[in-house]
Amino acid sequence: MAGSRSSAGSAGSRYLEIAEALRQSILDGEYPLGARLPSESDLAAQWSASRGTVRQAVGLLASEGLIGSRQGARRVVLRQERRHSFQQLNSFAQWARAMGSEVASRILTRTTRQATAEETARLGIAPGSEVLDVLRLRHLDGEPVLVERTAYTDWVAPAVRALPDDCVSIMDSIAADAGIVAHYGEHLIDALAAGSEDARLLRVRRGSPLLRQRYLTYTAAGRPIEWTDDRYRAGTVAFSVSNSAAAAPLERHAGPGVAGH
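As a starting point, this report considers the structure included with it.

1. Things to note about helix α7 (residues 170–178)
Note that an α-helix has 3.6 residues per turn; residues three or four places apart therefore point the same way.
Moving on, step 1. Along α7, the residues that are buried comprise Ile170, Met171, Ser173 and Ile174. Take α7 and look down its axis: the buried residues cluster within an arc of 160°, on one side only.
Moving on, step 2. Residue serine 169 occupies the N-cap position of α7, its side-chain oxygen lying 3.1 Å from the main-chain nitrogen of aspartate 172.
Moving on, step 3. Looking one or two places after α7, you find glycine 179, whose phi comes out positive at around 70°.

2. Describing the nonpolar core
Moving on, step 1. Counting 21 residues, the largest nonpolar core has Ile18, Ile26, Val54, Leu61 and Ile67 as the members making the most contacts within it.
Moving on, step 2. Those elements that provide at least two residues to this core are α1 (11–27), α2 (40–47) and α3 (51–63).
Moving on, step 3. It is α1 that provides the largest number of residues to this core, a total of six residues.
Moving on, step 4. Here leucine 61 is in contact with Ala19, Leu22, Arg23, Ile26, Leu66 and Ile67, once residues within four sequence places are set aside.
Moving on, step 5. Among the nonpolar cores identified, the runner-up in size contains 16 residues, and Val134, Ile174, Ile180 and Ile225 belong to it.

3. Looking at the packing of aromatic side chains
Moving on, step 1. Summed over the entire model, instances satisfying the criterion amount to one aromatic pair.
Moving on, step 2. Between the aromatic rings of tyrosine 184 and tyrosine 218, the centroid separation amounts to 5.0 Å while the plane-to-plane angle is 20°, which identifies the pairing as stacked. Here tyrosine 184, found in strand β5 (residues 184–193), pairs with tyrosine 218, found in strand β6 (residues 209–218); they are 34 residues apart in sequence, far enough to count as distant. Tyrosine 218 carries the same exposure label as tyrosine 184, and that label is buried.
Moving on, step 3. Between the NZ or CZ atom of arginine 223 and the centre of the ring of tryptophan 155, over which it lies, the distance is 4.0 Å.

4. Quick word on the sheet that holds strand β2 (residues 103–114)
Moving on, step 1. Read across the open sheet, the six strands follow the order β2-β3-β4-β7-β6-β5; overall the sheet is antiparallel. The open sheet has two free edges, formed respectively by β2 and β5, since each of these has just one partner strand. Strand-to-strand twist across the sheet, computed as the mean angle between neighbouring axes with direction ignored, equals 15°.
Moving on, step 2. Where strand β3 (residues 130–140) lies against strand β4 (residues 143–152), nine bridges are found, and the strand directions are antiparallel. The partner of arginine 136 across the bridge, within β4, is glutamate 148.

What counts, and at which threshold
- Residues numbered from 1 in each chain as written.
- Predicted model: local features only at pLDDT ≥ 70, side-chain atom pairs only at ≥ 80, totals over all residues.
- Heavy atoms only, no water.
- Buried < 20%, exposed > 50% of the residue type's maximum accessible area, 1.4 Å probe, protein only.
- Helix = DSSP H or I, 4+ residues; strand = E, 2+ residues; numbered from the N terminus.
- Arc of directions from axis to C-beta.
- Polar contact = N/O pair within 3.5 Å; in protein donor to acceptor, adjacent residues only side chain to side chain.
- Core = buried A, V, L, I, M, F, W, Y, C linked by side-chain atoms within 4.5 Å.
- Contact = heavy atoms within 4.5 Å.
- Phe/Tyr/Trp six-rings, centres within 6.5 Å; stacked < 30°, edge-to-face > 60°.
- Lys NZ or Arg CZ within 6 Å of the ring centre and 35° of its normal.
- Pairing = 2+ DSSP bridges.
- Axes fitted to C-alpha atoms, helices over the stretch in contact; angles between N-to-C directions.

So, to be careful, I would describe these as geometric facts and stop short of saying anything about function.
Put into structure tokens, the structure is as follows:
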């Protein structure tokens, strides 16, 4: 773990620096599952920071679900890194269960509307075509971690409309019920600030950082299935990508890697 540092820098960013160092120590296994963190006074001395600043740092980790939030006791590590590899052709639900996590989902809205210009280009559909817009909230171990906004093409939409609101995995269900199977995908990853709706659903402050994954999935024949915008609460999941210098560009483009949902 990083040692003590000078107190230079704004108080507003100081607690973020301490939180990031503690977070990394937890994810690296320095503090394993069930371990107790040092006391606030010990952390304050190590970082040459006030106890109030340290309290902000551990409070942030508690809000992410990494450590226990009980007051009057040293914080206990509740979990470590959730890593989702793009090499694995599985759904969000399959991935979560493989980690031993409890997964739950709720479809909040299903709306048929005209595709946006971006959706038209991504899905390869004609301008003016309709898509099924689905807003869904995902939970891991009882905490909201992911807001999904997905546009389904018209040939997929009937299978998605038929699913219950509490369907745990849309991709698994439409594969089993309608034979619509995702074989590969293309992913874009960036970060953005939480808007009002995302903040409310994920129980974070407006403007909090979110990890965004946008992806397009295809059938084995190359037919687009969905264009999805997934927004994760900070600290709830990490993506793993393995690269090889031996892989040709076309192999990278068309290889496995549907994170799914």
